[in-house]
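Read off the chains here:
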Amino acid sequence: MEPPKTLKSNIVLILDYGSQYTHLITRRIRTLSIFSLCISGTSSLKTITDLNPSVIILSGGPHSVHTPNSPSFPDGFVEYVEKNGIFVLGICYGLQLIVQKLGGAVAVGEKQEYGKMVIEVVKDCGELFGGGCVGEKQVVWMSHGDEAVRLPDGFEVVARSEQGAVAAVENKCRRFYGLQYHPEVTHSPKGMETLRHFLLDVCGVEAGWKMEDVMEEEIKVIRGMVGPQDHVICALSGGVDSTVAATLVHKAIGERLHCIFVDNGLLRFKEQERVMETFEKDLHLPVTCVDASVRFLSELKGVTDPEKKRKIIGKEFIAVFDAFAHDLEKKLGKKPTYLVQGTLYPDVIESCPPPGSGKTHSHTIKSHHNVGGLPKDMKLKLIEPLKLLFKDEVRELGNILDVPVSFLKRHPFPGPGLAVRIPGDVTQGNALDILRQVDEIFIQAIKDAGIYDEIWQAFAVFLPVKTTGVQGDQRTHSNAVALRAVTSHDGMTADWYYFEHKFLDDVSRKICNSVRGVNRVCLDITSKPPSTIEWE
């Protein structure tokens, strides 16, 4: 993973040890106009040195430093950071890792600390809290069972919890620091202030990362990658990601970009007509629409495993793109060699192996058809200009590129389409038609209520169960559907949206009265975590 060249000497690198909050560290730091990247905590020393960070943060995680094969930074790490004057901050498990590896001791705490706790500064002029005075208190979010019981030589305790556990440590000379709590979560009200002070004032990092710089850098990268005679295919879905990616690549190479919109039979209600009209009227991009719905649905018939469905969809997409490229070769006399995809940073993070798992690819969340689902023999080389950005950053970039606001505000739609909103066989009965109708009613109701922009993502799910009902004075045995709407900043965590009861009552009635084959409507009130946003 390569950061922008202009930022390589000013990058904050997060080594991920499995905390559910690790991605939040990355996001919080970027809001300070500082570029940050997250990589596996067990990455090689060469991977770390190649990124040339100025600050390294060791994340929290579910492991204990006493557990055999618990994840750790590579051999030579301590020598590398000290030789190069790199600041290191350990958070939760990261603090314990520093303490243990540098000669201190970590033990199981007499009293475990989870949730909101109060910590108190116990050392004047400590750098972590901006010279805070002894006795100053703040509320923080703890999540640990082990604790540091003996610090390495040269380290000092800066703060303790009310129970007496070490809450913050530092060694100014060696540039090692540690927080036993999570400053990146909103439950630590002064956490952002602590991160800002540490990075800007203690470490001297320059807050100069701007989306305009990202745009210019990516254009340079694309032009350097794509030869002057090369042609590129861009897969457009009608969503924010692919639209911004296409606009960026078009700005870089002009008419050598050839866009394709594939109707895979898994699109929303009237999606093909609506999207193609917008591409032509608003974006002025040359787009070829390929209806491959029969092909996709034939391959998916009878498939129930969600991973297999994603792999099949990814494979068929590439097959369609290959065929499109072959036709272009006949037309242009030269076959395109690149494929543009709107892969985002959360896609990359969720498709990485969990630290300490011993796996080379992730099975814990899901594979993405634009990350883990691509066939090994794919003939097209990938261009992923957004792979280091979060969704809100992509929208910011799209605004700079003058992408229509209507596109930028669209809710995310998964690459596999409605396949991940129909658990089991997507071709069962008329599940797709039912789902499209229910989804259209739900989304239109949200728009009519004026709350569309308050919601990160909203959609309907077709449930593979039949339920008993009474409709028209007759007993029915029909389908159940679920409605899901969430709020989020980046898609990495999400809370379910609180609808007014009257809204839900109206929507439920309209669905059951308008969509033949549905007699029950459920509401998904699960956050992420523990659930993912999509059902599969």
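Rules used throughout
Position numbers for residues count from 1 along each chain, tracking the sequence in the order it is written. Totals for whole chains, interfaces and linings use every residue, but because this is a predicted model, local features are given only for residues with pLDDT of at least 70 and side-chain atom pairs only at 80 or more, for both listing and counting. With hydrogens and water excluded, all non-hydrogen atoms of the structure serve as input to the side-chain values. In the sections that follow, a salt bridge refers to a side-chain nitrogen of Lys or Arg positioned within 4 Å of a carboxyl oxygen of Asp or Glu. Note on classification: 1.4 Å probe, protein chains only; a residue is buried when its accessible area is under 20% of the maximum for its type, exposed when over 50%, partly exposed between these limits. Every helix listed is a DSSP run of H or I at least four residues long, and every strand listed is a run of E at least two residues long, numbered separately from the N terminus. Two cysteine sulfurs form what is called a disulfide whenever their separation falls within 2.5 Å. Contacts are assigned to residue pairs with any non-hydrogen atoms lying within 4.5 Å of each other. Aromatic rings from Phe, Tyr and Trp, with only the six-membered ring used for Trp, were paired whenever their centres fell within 6.5 Å, and each pair was classed as stacked if the ring planes differed by under 30 degrees, edge-to-face if by over 60, and tilted otherwise. Two conditions define a charge located above a ring, namely a distance within 6 Å from the ring centre to NZ of Lys or CZ of Arg, and an angle within 35 degrees of the ring normal. A pair of strands is labelled paired if DSSP reports no fewer than 2 bridges between them. Angles here are taken between N-to-C directions and fall from 0 to 180 degrees, while the axes themselves are lines fitted to C-alpha atoms, restricted in helices to the stretch in contact. A residue's pLDDT is the predictor's confidence in that residue, given on a scale from 0 to 100. The criterion is simple. A nonpolar core is a set of buried Ala, Val, Leu, Ile, Met, Phe, Trp, Tyr and Cys residues joined through side-chain atoms within 4.5 Å. Multiply 1.5 Å by the residue count of a helix minus one, and that product is the helix's expected span. Within this analysis, the arc is defined by the directions that extend from the helix axis to the C-beta atoms.

Trainee: What is the right way to read the pattern of salt bridges from this model?
Mentor: Overall, the coordinates contain 21 salt bridges when judged by the stated rule. The partner of Asp 201 in a salt bridge is Arg 196, with the nearest N and O atoms 3.6 Å apart. Exposure remark for Asp 201: the relative accessible area of 47% places this residue in the partly exposed category. Here Arg 196 falls in the partly exposed class, since its relative accessible area comes to 32%. Ionic pairing is found between Arg 410 and Glu 271, a salt bridge with its closest N-O pair at 3.3 Å. Within this pair, whereas Arg 410 is found in the loop between helix H13 (405-408) and helix H14 (431-448), its partner Glu 271 is found in helix H8 (residues 271-283), the two being separated by 139 residues in sequence. Connected via shared salt-bridge partners are Arg 27, Arg 30, Asp 392 and Glu 393.

Trainee: Please clarify how the state of the cysteines should be interpreted in this entry.
Mentor: The bond known as a disulfide is covalent and runs between the sulfur atoms of two cysteines. Considering all chains together, one arrives at zero disulfides under this definition. Cys 203 forms no disulfide, and the closest cysteine sulfur to it belongs to Cys 173, at a distance of 15 Å. Cys 203 gets classed as buried once you look at its relative accessible area, which sits at 13%. Of all cysteine sulfurs, the one in Cys 234 lies closest to Cys 259, which takes part in no disulfide; the gap is 4.8 Å.

Trainee: Would you mind going over the environment of Phe 321 with me for this structure?
Mentor: Considering the arrangement of structural elements, one finds Phe 321 in helix H10 (residues 306-332). On the basis of relative accessibility, which here comes to 2%, the residue Phe 321 falls in the buried class. On a C-alpha basis, the gap between Phe 321 and Ile 260 in space is 8.0 Å, while along the polypeptide they are 61 residues apart. Residue contacts for Phe 321: discarding those within four places in its chain leaves Ile 233, Ala 235, Ile 260, Val 262, Leu 339 and Leu 380.

Trainee: What exactly am I supposed to notice about the packing of aromatic side chains here?
Mentor: Given two aromatic rings, one states the distance between the centres and the angle between the planes to describe the pair. In the structure shown here, the tally under the stated rule is twelve aromatic pairs. Note on Phe 73 and Phe 77: the rings are 4.5 Å apart at their centroids and 25° apart in plane angle, and the pair reads as stacked. Each of the two residues, Phe 73 as well as Phe 77, counts as buried. When the centroid spacing of 5.8 Å and the interplanar angle of 25° are considered together, the rings of Phe 317 and Phe 321 count as stacked. Separated by four residues within a single helix, Phe 317 and Phe 321 lie in helix H10, roughly one turn from each other. An aromatic cluster of three or more residues is present, and its members are Phe 442, Tyr 497, Phe 499 and Phe 503. Here the guanidinium or amino end of Lys 447 rests over the ring plane of Tyr 452, the centre of that ring lying 5.3 Å away.

Trainee: Just to check I follow, could you spell out the sheet that holds strand S14 (residues 381-383) for this structure?
Mentor: Each strand in a sheet pairs with another by means of backbone hydrogen bonds, the pair being arranged parallel or else antiparallel. The sheet built from five strands is open, its strands ordered S12-S11-S10-S13-S14 with parallel pairing. Only two strands of the sheet have a single neighbouring strand rather than two, namely strand S12 (287-291) and S14. The sheet shows a mean angle of 30° between the axes of neighbouring strands, direction not considered. Judged from the five bridges that link them, strand S10 (residues 232-236) and strand S11 (residues 257-263) form a sheet pairing that is parallel. Note on S11: the bridge partner recorded for Ile 233 is His 258.

Trainee: Quick question: what am I supposed to make of the confidence of the model for the protein chain here?
Mentor: The predicted structure's coordinates, where accompanied by low pLDDT, should not be read in detail. Averaged over every residue, the pLDDT of the protein chain is 87; residues scoring 70 or more account for 92%. Confidence over residues 356-373 falls short of pLDDT 50; this stretch has 47 contacts with residues more than four positions distant or in other chains.

Trainee: When you look at the nonpolar core in this model, what are you seeing that I'm missing?
Mentor: Note that soluble globular proteins tend to have their nonpolar side chains buried in a common cluster. Within the largest apolar cluster, 110 residues are counted, with the highest numbers of intra-cluster contacts made by Leu 15, Phe 77, Phe 129 and Phe 198. With sequence-adjacent residues up to four places away left out, Phe 198 is seen in contact with Val 55, Phe 87, Leu 89, Leu 128, Tyr 177 and Cys 203. Judged by nonpolar contacts, the second largest core, of 50 residues, contains Ala 235, Leu 418, Phe 503 and Ile 511.

Trainee: I'm lost on helix H6 (residues 211-225) in this one. Help?
Mentor: Structural remark: α-helix, 3.6 residues per turn; residues separated by three or four positions point the same way. Helix length check: H6, at 15 residues, gives a terminal C-alpha distance of 21 Å against a target of 21 Å (1.5 Å per residue), a fit within 8%. Elements in contact with the buried residues of H6: helix H7 (240-253), S14 and helix H12 (391-400).

Trainee: For this particular structure, what's the right way to read H8?
Mentor: Of the positions making up H8, those classed as buried are Glu 271, Val 275, Met 276, Thr 278, Phe 279 and Leu 283. Down the axis of H8, the sector holding all buried residues measures 160°, keeping them to one side. Seen from the buried face of H8, the exposed residues on the opposite side, beyond 90 degrees, are Glu 273, Glu 280 and Lys 281. The elements touched by buried residues of H8 are S10, H7, S11, S12 and H13. Count one or two residues on from H8 and you reach His 284, which has phi positive near 55°.

Trainee: Even after reading the chapter, I still don't get the environment of His 258, so can you show me in this structure?
Mentor: Within the secondary structure layout, His 258 lies in strand S11. With a relative accessible area of 14%, His 258 lands in the buried category. For the pair His 258 and Pro 336, spaced 78 residues apart in sequence, the C-alpha separation works out to 8.9 Å. Setting aside residues no more than four positions away along its own chain, His 258 makes contact with His 231, Val 232, Ile 233, Cys 234, Phe 324, Leu 328 and Leu 332.

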